[in-house]
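The primary structure of each chain is shown beneath.
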Amino acid sequence: MDAISYLFSTWVQPDLLALTAIGTFAGIYIGAIPGLSVTMAVSILISFTFSWDVNHALALMNGIFMGGVYGGSRTAILLNIPGAPAAIATALDGYPMAKKGEAGSAIGLSTVMSFIGGFVGIVVLAIAAPAISEFAIKFQPRDYMLIAVMGILLVSALSGESLAKGIFAGALGMLLGTVGLDPMTAEQRFTFDSVSLMNGISPIALMIGMFGVSEALLQLHHLKSEAIKQKIDRIIPMWSDVKKYLPLSMQTSAIGVIIGALPGTGGDIAALMAYDHAKRVTKNPEVPFGEGAKEGLIAPESANNAAVGGAYIPMLTLGIPGDAVTAIIIGALFIHGLNPGPLLLIEKPDMFWFTVGNLTLANFFMLIFGLTGIRLFTKIVECPKALLFPLILLLSVVGSYSINNAISDVWWMLGFGVFGYFMKLYGYQVGPVILGVILSRLMDDNWRRSIISEQGSVSGLVHGIVTSPLSLVLLLMIIFIVGTQTPWWKAAFDKKDSAAKAAKKEG
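Residues numbered from 1 in each chain as written. Predicted model: local features only at pLDDT ≥ 70, side-chain atom pairs only at ≥ 80, totals over all residues. Heavy atoms only, no water.

Named according to an unreviewed UniProt entry, the protein is C4-dicarboxylate ABC transporter permease originating from Allorhizobium terrae.

Structural data, given as structure tokens:
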């Protein structure tokens, strides 16, 4: 009991509370600006917090991490420019809601569901961290390769009306993701002897161009149309809505925790998988997906914040980072004389529980700050388009330049912006391109590792997949996903629905 009271008194120390609040507030607005990533902010902070007490440094970093993952949803909803890759799926239905004048409702709902997802991730971190970390460490390279394949199959959720166009866009993204030096042999791939291409194409610059610049160019066709007035009469969602969507939120939060706990994945993949799950389990949405479905907003926002708690699980229990941010936090812990890993829970259990409590406080601050300032934020959408589009282009230039302080990223961003404009003009979705870029490295690296571990034998790899229970389950899930996208599956379900409706009429 003394230990619990000590920890609680540590969590609520005024200086630690202030640092957590400042970090969360800063994270929300850093996450909302395209190109200014949470990873960048946390990495910069390490040099400032070197001489601090470890609790103070962690409080600030935890707050920025929790707030930053949520913050990307704001510009995704208002401007169709995801502040971070984890908010790509949020834009698919959040932006159509804003176009209908429901930006306030969309931000309020996404905030509450992000809070629920974050809380689920923290609870699982507190209760099941050792068990989940033992499960995550069993993943072999072939399992990560299969997860990447599953991710690519989510292209159907982002393809709009044409699956063929979605597959083309996803394949193009995977091709773009391979540009640069081969990670294992250091040979040049698709660089055409250009030095600037050796580092590859920045996924953030590509995302800003594909979403931000292309949308600004597309909206030039409607320059004279009046700005949509947003309804801000109710920001906090009604309890009936929260209760209605809570089961879906819990399901997608579970997806977020599991994906977040797998080293090398993160909230972006979790959000896309959650969005696909929502499309599969939601039989009759009030609004079709892609046109402002609340389910399409709730699923990714619950999952990407739940992935925060998931990412801390392998970091604290195994010393393995769950994503880029936790990799930096591990570095910070080493600087402060701590050794994240199996012995941390034995030697420094107070540090584990401090992290759990501090993340909980950051999650509450995220809810408070997320529900304030919405009226001011939504004024962005109501700006005259002649003022709004130059602002979008300015933010896009600043965001893409800030990634590597390189003018080449700005040119890439503008080039992909024009390319994305023509894609949208001819009915191609840009989401699958980003998905392909994100997953190409995960698939490429783990395919190579899998083959190397089997000494170049494809048959040995197949044998390993079918004889490993974990790999076999993932393979069966892939087969199921592919099967549900075939015309025969859809025809069978249409026939089943027609029979059910006929039986209902007779009854």
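The discussion continues.
K.L.:
Any chance you could explain the packing of helix 12 (residues 267-281) against helix 20 (residues 431-453) here in plain terms?
P.N.:
A pair of packed helices can be characterised by two numbers: the angle between their axes and the separation between those axes. Two elements in contact, helix 12 and helix 20, have axes whose closest approach is 11 Å; the angle formed by their N-to-C orientations is 120°. Between helix 12 and helix 20, the interaxial angle falls into the category oblique. At the point where helix 12 passes helix 20, the crossing takes the left-handed sense. Residue-level inspection shows Asp268, Ile269 and Leu272 of helix 12 in contact with helix 20, the latter providing Leu435, Ile438, Leu439 and Leu442. By residue class, the composition of the contact of helix 12 with helix 20 is six nonpolar, no polar and one charged. (Axes fitted to C-alpha atoms, helices over the stretch in contact; angles between N-to-C directions. Helix = DSSP H or I, 4+ residues; strand = E, 2+ residues; numbered from the N terminus. Parallel < 35°, antiparallel > 145°, perpendicular 65-115°, else oblique. Left-handed = near helix turned anticlockwise from the far one by under 90°. Contact = heavy atoms within 4.5 Å. Nonpolar A, V, L, I, M, F, W, Y, C, P; charged D, E, K, R; others polar.)

K.L.:
Would you take a moment to explain helix 2 (residues 14-32) for this structure?
P.N.:
Given 3.6 residues to a turn, an α-helix orients residues that are three or four positions apart in the same direction. The first and last C-alpha atoms of helix 2 sit 27 Å apart over 19 residues, in line with the 27 Å expected at 1.5 Å per residue. Every buried residue of helix 2 is listed here: Leu16, Leu19, Thr20, Ala21, Gly23, Thr24, Gly27, Ile28, Gly31 and Ala32. (Expected span 1.5 Å × (residues − 1). Buried < 20%, exposed > 50% of the residue type's maximum accessible area, 1.4 Å probe, protein only.)

K.L.:
Sorry, what's going on with the side chain of serine 73 here?
P.N.:
Relative to the assigned elements, serine 73 resides in helix 4 (residues 54-79). On the basis of relative accessibility, which here comes to 1%, the residue serine 73 falls in the buried class. If sequence neighbours within four positions are ignored, serine 73 has contacts with Ala87, Thr90, Ser110 and Glu301.

K.L.:
How should I be thinking about the nonpolar core in this particular structure?
P.N.:
The nonpolar side chains of a soluble globular protein tend to be buried with one another. Counting residues in hydrophobic clusters, the biggest one holds 69 residues, and the most contacted among them are Val42, Phe65, Leu125, Tyr312 and Ile329. Here the element with the most residues in this core is helix 4; it accounts for 13 residues. (Core = buried A, V, L, I, M, F, W, Y, C linked by side-chain atoms within 4.5 Å.)

K.L.:
In this structure, what is going on with the side chain of threonine 90? I would like to understand it.
P.N.:
Here threonine 90 is to be found in helix 5 (residues 88-99). The residues touching threonine 90, leaving out its near neighbours within four places in the chain, are Ser73, Ala76, Ile77, Tyr95, Leu297, Pro300 and Glu301.

K.L.:
Explanation requested: unusual backbone geometry in the structure shown.
P.N.:
Note: most residues except glycine have negative phi, and most peptide bonds are trans. Despite not being glycine, phenylalanine 190 shows a phi value in the positive range, around 55°. Along the polypeptide, phenylalanine 190 turns up in the loop between strand 2 (188-189) and helix 10 (203-219).

K.L.:
Can you walk me through empty space enclosed by the protein in this structure?
P.N.:
Take a probe with the size of a water molecule and roll it over the atoms, and the empty space left behind shows itself. For the structure shown, the criterion picks out one cavity of 30 Å³ or more. Within this model, the largest cavity holds a volume of roughly 30 Å³. Forming the walls of the largest cavity are Val54, Ala57, Leu58, Met61, Ala332, Leu333 and His336. Elements represented by at least two residues in the lining of the largest cavity include exactly helix 4 and helix 14 (324-335). The greatest single-element share of the lining of the largest cavity, amounting to four residues, is contributed by helix 4. (1 Å grid on protein atoms, 1.4 Å probe; cavity = no way out; pocket = protein on both sides within 12 Å on 5 of 7 lines; lining within 4 Å. Points joined across faces, edges and corners; volume = space filled by probe spheres on them.)

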